[in-house]
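Architecture at a glance
Next come the chains, spelled out residue by residue.
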Amino acid sequence: MSLGLPGHLARDSLSRSLAFAGHCAAFACLTVTIVVSVIVATVGERPNGWTGAALAAVMMLALAAVARYPSVTLTVLALVVGTGATIAFTMLVMEPGGFESTNNAVLALPRIALLLVGGAGSGSLIAIVWASLGYALGEAAAFLGVALVGGSYAPSTAAAAAFGILLVVRIFDGASRRSDPRQETGLHRASQQTRELAIRHDYELRATARLHDTALSHLIAIAAAGSGTVDERLRAGIRQDLGLIVGRDWAIDHSGQATANDRGGPRRAAPVAEPSPNGRAARGRFAGRTTAGAVTRARTAPLPAEPRPGGTTMLVQSFAAAGNAGLDVRVTGDPEILHVLGPGRAEALDAAVAQCLINVARHAGVDEAELALGLGGGEVTIAVMDSGVGFDEREVPDDRIGLRTSIRARIEQQDGTVRLWSTKGIGTTIVLTVPEGGA
Amino acid sequence: MMRLTQQEADPIGGITAAPIVVIGAALAVGSAVALTWVHRSEVVSPLAAIVAILLVAAAGAVAAISAAPSRAPFTAERLWVVVTLAVGAAIAEYTSTVGSNRYLYDDFGPVVIGMLILSVAPYCTWVSLALAGVLASTVLSILVVGASNSVAVDAPVGALVAVNAAPVIALSAAAAGYAYAIIAETLGWQREANRAALQRDSELRAGIARSVQQSRVSVLGREVLPFLAGIMTAERITVAEADRARELAEELRRALRAGLESTWLDDLATSLRLARGIETIVDDPSGAADLLGDDQRSALTALITWLAEPTRSELVTVSLVTDLDGGRIVISAVPAGRPPAKREIDRFIAVARAVSLGAESASTRENVRVELSYVID
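Keep in mind that this is a model prediction, so the values were computed, not measured.

Cut-offs applied
- Residues numbered from 1 in each chain as written.
- Chains lettered and ligands numbered in written order.
- Predicted model: local features only at pLDDT ≥ 70, side-chain atom pairs only at ≥ 80, totals over all residues.
- Heavy atoms only, no water.
- UniProt positions renumbered as here; feature names shortened; annotations may be inferred.
- Helix = DSSP H or I, 4+ residues; strand = E, 2+ residues; numbered from the N terminus.
- Pairing = 2+ DSSP bridges.
- Axes fitted to C-alpha atoms, helices over the stretch in contact; angles between N-to-C directions.
- Contact = heavy atoms within 4.5 Å.
- Parallel < 35°, antiparallel > 145°, perpendicular 65-115°, else oblique.
- Left-handed = near helix turned anticlockwise from the far one by under 90°.

Residue and element names in this part refer to chain B. Within the UniProt annotation, "transmembrane region" (unreviewed entry) is assigned to residues 12-37, 43-67, 79-96, 134-153 and 159-181. In the segment residues 79-96, helix accounts for 100% and strand for 0%; the C-alpha atoms at its two ends are 26 Å apart. Secondary structure across residues 134-153 comprises 70% helix and 0% strand; the distance between its end C-alpha atoms is 25 Å.

Following this line, the structure appears as structure tokens:
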């Protein structure tokens, strides 16, 4: 969304709007002329009224043509037709015994319409030139018309006033754009910048979540292991994760790049000895987790898909993460249902499920988890269940962020929802739901 | 479309148009005085004539004051106050010449009402302008029927009614036409701009993928990943490496938290600090900046960016406070030299109000302070 008109368009837009306003007023004047003529012809029983109405109708047609196709030719044509009609109309109105001079309310109407014809081109100066021409022609027509039937000419006060109003408006419009407050306020630029900042922020958050998922657990494991030989499983885990990101732009989510042995299903591995840096105190909880109801500041707008190599493979990251963490995953439902999701969305869901499984491996104190996949009601639902230690949401500090970024933010960016149930000693269930389709 | 005014769709256009309302009001009063003088021979009640001119002046004053940027937005009620006062003036004028009004052509009522409706066109929807024209001409028509006995011209009453209402009809048609066209133009541009912005977004993303390499998280990534690669190929982990791993883990956590807790507003402040060297401080403990809508963000960005010019301010602070059903954003700046003119600040105030933010400003030599407030539905 952008606020208002940008400076470079304001001139033409305002000019067109003012011309349209003038045409509306001209149509109003000619409509009144027709109404008056018809009343004079019927109630006043003067058949000349019909001629007057017809003349005004002809002017209206010419005006409509200019309004629709504002070319120089049509403008000149409309002015010529209008002048002719005004001469004839003046001759009708100024028949002896009627008005004292041509300065009267009825004769003002076609003259005002004539000066509002406007015409081709945009900008205040051109508009003023056309209006002056129309005004002059209107007065000339009245002069000529009254000379033909014999009466006294007087310039129309109302037409002069209308010309004056037009001049004031057009000059004001031209002058007010010189100071250019639009440029000065920079609203258009600001809205572009706002958009850019939002994208950048999303991007960084995603990149951070990515790094968090990939590297944090390894760093913690290394720190906790202290000096000594490198645990083979740790080495394998690092190799696997680095394989996913080294040599690529790691900040962008990738999928379809898992190693072959992780493809296609659960893999059994030894439980992880991966204490958190806070020691045993943090065990048995989701270390990186906020309470389920915690406010997520993630934007809910769906993000456009990112460039992505390779085809779609279902839940690759999840199975890789489970295998890496030594978690046995039982799957109910067909992972192929993820094909109803756009590649970006499928990938986000996969990454979120992977993070859920990592949390199970790290904190639930069990080495198996269950995935249930379902498709229905236009949504894909994946439940990640474990019968581990569970936790009490109230005991989890608000500043824990794993669930918030890695799971909740990802899913909410895809317009999905995350629900979480956990009971101490019984286990935890996280249900991730995303709508079908998406980027 | 029918509910929008130029002021809402194009706030700067609304501000720019404010002087035309003053001009229109002045011309209306001038016309009233001049035409009263012209038909002075018809005046039977000088008091009513004076009241009529005073009512025109009141209508003009209400219009001009209401349209001032510091009083934005111009609400629909203000249009009705203006129209009611102007119609009151027409009635008073009718009273002043009752029974001896030979010429309707020199009555100022219709033209004054029309001019006032036209001058507030940037602040009203086209429907309300058209409606104002119709209602005003209805009242005028009743007056004409009353005056038709004394009129010199021998014409059917219907023709008199139509001719007399012509100025109001024509001018309010112009007003409604302008309001309609400018909104159509603005919305058309916005559709175009949004389409372009969506396209730009994808280019932006590609650009950011490269530029993000400078960001905090990228720098961290460049340290973390080689470190992990080193561990992967090493035989043993040293004490130093274990410590380094702990440090990096902490840094990563911090980066993640900082990333989560910062908002686009922090990013804006950072970019202003880097690009312009103006200390821009954001105090937003609850991340309230994310609650603002796109247009509200644009308005706030425009104001902060405008203030954070080396020639304008030395220091800009933005603090956001939330309460249960809304919040306040206080932007204050220490002027670098002369404090900015109120007229300039008013521009931003009007823009903020156009995007449903409450806005007030107060400036002294030492401090420029703008307070915006919003309500959460």
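Right, picking up where we left off after that structure.
Residue and element names in this part refer to chain B. Strands sit in the order β2-β3-β4-β6-β5 across an open sheet of five strands; the sheet is mixed. Sheet topology places β2 (279-283) and β5 (358-363) at the edges, where each strand pairs with a single neighbour. Within the sheet, the average angular offset between the axes of one strand and its neighbour, ignoring direction, is 10°. Direction of pairing for strand β4 (residues 326-335) relative to strand β6 (residues 368-375): antiparallel, over a ladder of eight bridges. In the strand pairing of β6, Arg328 is matched with Ser373. Contacting β2, β3 (313-323), β4 and β6, helix α12 (residues 294-307) crosses the sheet at an angle of about 15° to β4. The sheet contacts of helix α13 (residues 342-354) involve β5 and β6, and relative to β5 the element is tilted by about 165°.

With that out of the way, let us pick up the packing of helix α4 (residues 105-115) of chain A against helix α5 (residues 124-149) of chain A. Residues and elements named next belong to chain A. It is the contact of α4 with α5, at a shortest axis distance of 7 Å, that shows an interaxial angle of 150°. Viewed along their axes, α4 and α5 adopt a mutual orientation that is roughly antiparallel. Crossing hand, α4 versus α5: right-handed. Only Ala131, Gly134, Tyr135, Leu137, Gly138, Glu139 and Ala142 of α5 make contact with α4, whose side of the interface consists of Arg111, Leu114 and Leu115.

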